[in-house]
Structure formats: structure tokens, C-alpha cells
Amino acid sequence: MKVALVGIGKIALDQHVPAITAAADWELAATCSRHGAVEGVAAYSDFAALLAERPDIPVISLCLPPVPRFAYAAAALQAGRHVMLEKPPGATLAEVHELQAMAAARGLTLFTTWHSRMAQAVEPARAWLAGKVVTAARITWREDVRKWHPGQDWVFEPGGMGVFDPGINALSILTHILPAPVHLTGAELDFPANRQTPIAARLQFSGGVSADFDWRQTGPQTWDIKVETPEGSLALRMGGNRLEIDGEPAGGADTIMGEYPALYARMADLVARGQSDVDLAPMVHVADALTLGRRNTVAAFEF
Ligand code: NAP
């Protein structure tokens, strides 16, 4: 299946291009970006021109930041194309609901991807927790924004979500593996004095679940989720890629390279079945944290 990739930046080049290139059933037929391109692939800078001139490309994969994404997604759906959205799927919940209705009305596929749900140990963790009672869970997601988002000022602009940009990956795993839903009960958000989005957040949920997100972590990086049950404890480490049960290694592998191939395989399956996959549960928790959160002002941040 031919796909056009829109927004040729960090994630497009790090993950989407290698995943598409390696997949037997996908062909990277065009790109659309104001500055970026992929060698040997037809490059457009005008999205309307791509849609008009390339009716042979049925799938559009949008890799640009969340705020500009809606206009591209709406245009693609209006032009009869199936659409894959990077995470978080939009700048607001309502705009994604609108896209969902547009796709449904046209019989097109809309896939709100959550790459962390494709991490190696997430399905085994979900299977282990199925039918169990969760008594507590703790997310620790601490990374260095300068390493993972070098110079990307959009993450600190309205709609960029700040530390929730990585934190939503943890929430995408949490909402997938817990056997029963939880809801946010409180949050504390640290906003740099010169920025519009938080650089750190501490969240409390019902059911003894909590999260610690911090973008100021230098040295070792931590992407862990620990879950307690009366029958034992589970830990997901390395962003959902390694599993431990009661402190002992229980599967997975220390690599994120399987996540994007799995997303494209899922998209191919959804298109073949004529289905959509739209899950906003992780983004609901972020919206709730921004609604309910207590705001602290912390030191100004510069890249
Ligand atoms: P990025 O490199 O800053 O942006 C991707 C590209 O989008 C840019 O190179 C730019 O290309 C285009 N773009 C930026 N602003 C635009 C605008 N206002 N209008 C049109 N195009 C615009 O960001 P990224 O790190 O790839 O992240 C993109 C998405 O992927 C985000 O939603 C992020 O959460 C998700 N993601 C990122 C990572 C990561 O490690 N960085 C991991 C997983 C998922 P042109 O200037 O060439 O148009």
C-alpha cells in the first residue's frame, strides 16, 4: 500500500521511514514537508498539490506536531484518504472527535496511533493483569527534554503539552493494561516561568495510581510503570519494552524498534477491514490534569 508521510522531522526520520522501508506491504510514495525530504522519494511542500496530483496514494501518515495536524487530517479525509495520526492525536479532544465523524461518514480509516502500546512487554503485562485487582500503580517517566526534543520550542507552546508529550506514552500504556479504568483526582504542574506548558507533573488517580513526569532528568533516564496486586507485582521498564514479575525478568527486549513496524501492520489491517481505531483515553487524562492541576511556577527553561 502506498503511503505519504507528512512532516519530515525527528520522528518521521527516526522511526516512520525505517518502518515503512522495511515493510513488505508498504511503499513510501511521497513526502510533504516545508523543509524536510527523504532521498529518492517524491517531495511536496504543498499538501493540496499532493492530494490533487497523487490519487494513487490511499494513506496519509501525519508526523507533524499536534497543533497543525487537524487541518492536514481534515483535508486528507475530505480527499478520500485513510489517515494515521502520530500521538497525541490532536491539540484538543473535540477536533479528534470531528475527524472520527468525518472518517466514519466517508467509510475511511482513522488510526490514532499510540506507539508505546506496541512496546514488547505491553501485551504480556495486560494479559498478566487481566482479571486481577490492582491495589496500587506508580508511573515514573523522567527524561531529558534537551536530548529527546532538541530545540523543539513547539513542545512549550500552547497545545504542545510540555512534559505530557512523553507522559502521554505512559498513560497510553496504563490505560491499555489496567483491568479497570481509573480517573484523575489531583495534579501538580510545574510551569517554567517563560513557558506555556509544564516541564514536570505529579498526578494522582483513583485506585492508588500515581505518576511522576519530569523533563529535567539528566543522566540515567527512567520510563517505568509498577503495578501491585494481591497476587504479586509487575514492573514495565524501558517504556514498556521489558517486563518483570515479582522483581524477576519475565520477558520483552530492550529495544523500541518494533513499535512503528507494528503500527504500520495495524494500519494495513484496519484499512483491509474497513475499520478505524480511535482511542482518546490517554489524552482525556492529560486534559483532566490541565483542568484540575495546581500550577507552580519554576525556573525559566531554555534549550
Ligand atoms: P518535529 O521534528 O519538531 O516536527 C516534525 C515536522 O513537522 C517538522 O520537521 C516540520 O517539518 C513539521 N512542522 C512543524 N511545525 C509545523 C507547522 N506549524 N505546520 C506544518 N508543519 C510543521 O517533531 P517530532 O519530534 O518529529 O514530533 C512530531 C510528532 O511525533 C509529535 O506529536 C510527537 O509527540 C510525536 N513523537 C515524537 C517522538 C520523538 O522522539 N521526538 C517520538 C514519538 C512520537 P517542515 O518544517 O519540513 O514542514
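None of the values given here were measured: they were computed from a predicted structure.

(A) Summary view of the pattern of salt bridges. In the structure shown here, the tally under the stated rule is 20 salt bridges. With its nearest N and O atoms 3.5 Å apart, the salt bridge here joins Lys87 to Asp165. Here Lys87, found in the loop between β5 (82–85) and α4 (93–106), pairs with Asp165, found in helix α7 (residues 164–177); they are 78 residues apart in sequence, far enough to count as distant. Exposure class is identical for Lys87 and Asp165. Each is buried. Here Arg195 makes a salt bridge to Glu302, at a shortest N to O gap of 3.6 Å.

(B) Local environment of the site of the ligand. Every one of the 26 residues lining the ligand counts as a neighbour, but Ser33, Arg34, His35, Arg69 and Asp165 are closest to it. Contacts to the ligand include Ile8, whose backbone N or O atom sits 3.4 Å from an oxygen atom. For the ligand, the protein covers 83% of the area, taking 870 Å² as the surface of the free molecule. In this structure the site holding the ligand corresponds to the largest pocket. Of all elements in the fold, only α1 (10–22) and α3 (66–78) reach the threshold of two or more residues within the shell around the ligand. Looking at which element gives the most residues to the shell around the ligand, the answer is α3, with four residues. By residue class, the composition of the shell around the ligand is twelve nonpolar, eight polar and six charged.

(C) Region of the structure containing the environment of Gly151. Its place among the elements puts Gly151 in the loop between α6 (145–148) and α7. Using a relative accessible area of 47% as the deciding quantity, one classes Gly151 as partly exposed. As a C-alpha pair, Gly151 and Val209 span 58 residues in sequence and 33 Å in three-dimensional space.

(D) The sheet that holds β5, seen in detail. Read from one edge of the open sheet, six strands run β3-β2-β1-β4-β5-β6, paired in parallel fashion. The open sheet has two edge strands, β3 (42–44) and β6 (110–112), and neither has a second partner. Strand-to-strand twist across the sheet, computed as the mean angle between neighbouring axes with direction ignored, equals 20°. Pairing of strand β2 (residues 27–32) with β3 involves three bridges; the strand directions are parallel. Bridge pairing in β3 places Ala30 opposite Ala42.

(E) How the structure looks around the side chain of Asp224. Checked against the element boundaries, Asp224 lands in strand β11 (residues 222–229). Overall, the relative accessible area of 14% leaves Asp224 in the buried class. A polar atom in the side chain of Asp224 sits 2.7 Å from the side chain of Arg237. Other than its neighbours up to four places away in sequence, Asp224 contacts Arg138, Ile139, Thr140, Trp141, Leu236, Arg237 and Met238.

(F) Region of the structure containing the layout of surface pockets. Computed from the structure, the largest pocket encloses a volume of approximately 1,200 Å³. Taken together, 44 residues make up the lining of the largest pocket; nearest its centre are Lys10, Ile11, Trp148, His149 and Gln152. Looking at the lining of the largest pocket residue by residue, the class counts come to 19 nonpolar, 15 polar and ten charged.

(G) Structural context of the nonpolar core. Ile139, Phe164, Leu203, Phe213 and Leu236 are the most contacted members of the largest nonpolar core, which totals 49 residues. At seven residues, the largest contribution of residues to this core is made by α7. Ignoring anything within four residues of it in the chain, the contact list for Leu203 reads Phe164, Leu184, Gly186, Ala187, Val209, Ser210, Ala211, Phe213 and Ala289. Of all hydrophobic cores here, the second largest spans 25 residues; its members include Ile60, Leu77, Ala103 and Leu110.

Calculation rules
- Residues numbered from 1 in each chain as written.
- Predicted model: local features only at pLDDT ≥ 70, side-chain atom pairs only at ≥ 80, totals over all residues.
- Heavy atoms only, no water.
- Salt bridge = Lys/Arg side-chain N within 4 Å of Asp/Glu carboxyl O.
- Helix = DSSP H or I, 4+ residues; strand = E, 2+ residues; numbered from the N terminus.
- Buried < 20%, exposed > 50% of the residue type's maximum accessible area, 1.4 Å probe, protein only.
- Near = heavy atom within 4 Å.
- Polar contact = N/O pair within 3.5 Å; in protein donor to acceptor, adjacent residues only side chain to side chain.
- Areas by Shrake-Rupley, 256 points an atom, 1.4 Å probe, with all protein chains shown as cover.
- 1 Å grid on protein atoms, 1.4 Å probe; cavity = no way out; pocket = protein on both sides within 12 Å on 5 of 7 lines; lining within 4 Å.
- Sits in = over half its atoms within 2 Å of the grid points.
- Nonpolar A, V, L, I, M, F, W, Y, C, P; charged D, E, K, R; others polar.
- Pairing = 2+ DSSP bridges.
- Axes fitted to C-alpha atoms, helices over the stretch in contact; angles between N-to-C directions.
- Contact = heavy atoms within 4.5 Å.
- Points joined across faces, edges and corners; volume = space filled by probe spheres on them.
- Core = buried A, V, L, I, M, F, W, Y, C linked by side-chain atoms within 4.5 Å.

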